[in-house]
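# What the coordinates show
So you can see what is in the structure, the chains are spelled out below.
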Amino acid sequence: MPDTTITKVDSQYSPHGKDGEKYLASGVHVAMRLWENEQPGEAKEPVARPYETVGYVLSGRAELHSEGQVVVLEPGNSWVVPKGATHTYKILEAFSAVEATTPPAQAHGRDDK
């Protein structure tokens, strides 16, 4: 019998990750998170994560630095960071975006790698 469970998450009560992200709905194979009003500043140290990330910019501007490429992200843009790609973000203007990760970023300590 297939799983027919629907999960609803109210972001007002969502848990936060160590980098300030809000964890939204999460399934077995994909999870969503919200970066809300991230402030401008210097880019963090580049990281490579064991999951693929796709994102969509709601507001603000940021630079995505990955594997020698720099892409400016603006409202309405979407992007993909492949699994294992070294990357970082530099926030240029107060930035809000929704991301989906597969497999889920927060499961099994994947965000800690």
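The present account deals with the structure reproduced in this document. (Residues numbered from 1 in each chain as written. Predicted model: local features only at pLDDT ≥ 70, side-chain atom pairs only at ≥ 80, totals over all residues. Heavy atoms only, no water.)

### Some thoughts on the environment of Glu45
Residue position: Glu45 is located in the loop between strand S2 (31-38) and strand S3 (47-48). Note on Glu45: relative accessible area 68%, which makes it exposed. For the pair formed by Glu45 and His87, sequence separation is 42 residues and the distance between their alpha carbons is 8.4 Å. (Helix = DSSP H or I, 4+ residues; strand = E, 2+ residues; numbered from the N terminus. Buried < 20%, exposed > 50% of the residue type's maximum accessible area, 1.4 Å probe, protein only.)

### Considerations on the environment of Ser66
Counting through the fold element by element, Ser66 comes out in strand S4 (residues 52-66). Looking at Ser66, the relative accessible area reads 12%, which means it is buried. Measuring from C-alpha to C-alpha, the distance between Ser66 and Val47 comes to 9.4 Å, with 19 residues separating the pair along the chain. For Ser66, the contacting residues outside a window of four places in its chain are Ala85, Thr86 and His87. Reaching out from Ser66, the side chain makes a polar contact with the backbone oxygen of Thr86 at a distance of 3.1 Å. (Contact = heavy atoms within 4.5 Å. Polar contact = N/O pair within 3.5 Å; in protein donor to acceptor, adjacent residues only side chain to side chain.)

### What about the nonpolar core?
Grouped together as the largest cluster of nonpolar side chains are 10 residues: Val57, Ala62, Leu64, Leu73, Trp79, Val81, Ala85, Ile91, Phe95 and Ala97. For this core, the elements supplying multiple residues, two or more each, are S4, strand S6 (78-81) and strand S7 (86-102). Excluding its chain neighbours within four sequence positions, the residues that come into contact with Leu73 are Val57, Gly60, Arg61, Ala62, Leu64, Trp79, Tyr89 and Phe95. (Core = buried A, V, L, I, M, F, W, Y, C linked by side-chain atoms within 4.5 Å.)

### Notes on the pairing of S7
On any regular strand, side chains alternate: one points to one face of the sheet, the next to the other face. Note that S2 and S7 share 6 bridges and pair antiparallel. Its bridge partner being in S7, Met32 is matched across the sheet by Ala100. Summarising the sheet, S3 and S7 pair through 2 bridges and their orientation is antiparallel. Looking at S7, one finds that Val47 is bridged to His87. Both S4 and S7 contribute to a ladder of 13 bridges, which runs antiparallel. Residue pairing for S7: Ser59 is matched across the bridge by Ser96. (Pairing = 2+ DSSP bridges.)

### Comments concerning the pattern of salt bridges
Taken as a whole and assessed by the stated rule, the structure comprises 5 salt bridges. Across the pair Glu36 and Lys22 runs a salt bridge whose closest N-O atoms are separated by 3.1 Å. Note that Glu36 is positioned in strand S2 and Lys22 in strand S1 (residues 22-26), a separation of 14 residues in sequence. On the accessibility criterion, Glu36 (44% relative accessible area) is partly exposed. The exposure class assigned to Lys22 is buried, which follows from its relative accessible area of 13%. The salt bridge partner of Arg61 is Glu93, with a shortest N-O separation of 3.8 Å. (Salt bridge = Lys/Arg side-chain N within 4 Å of Asp/Glu carboxyl O.)

Functional significance is not addressed by these values, which are geometric in nature.
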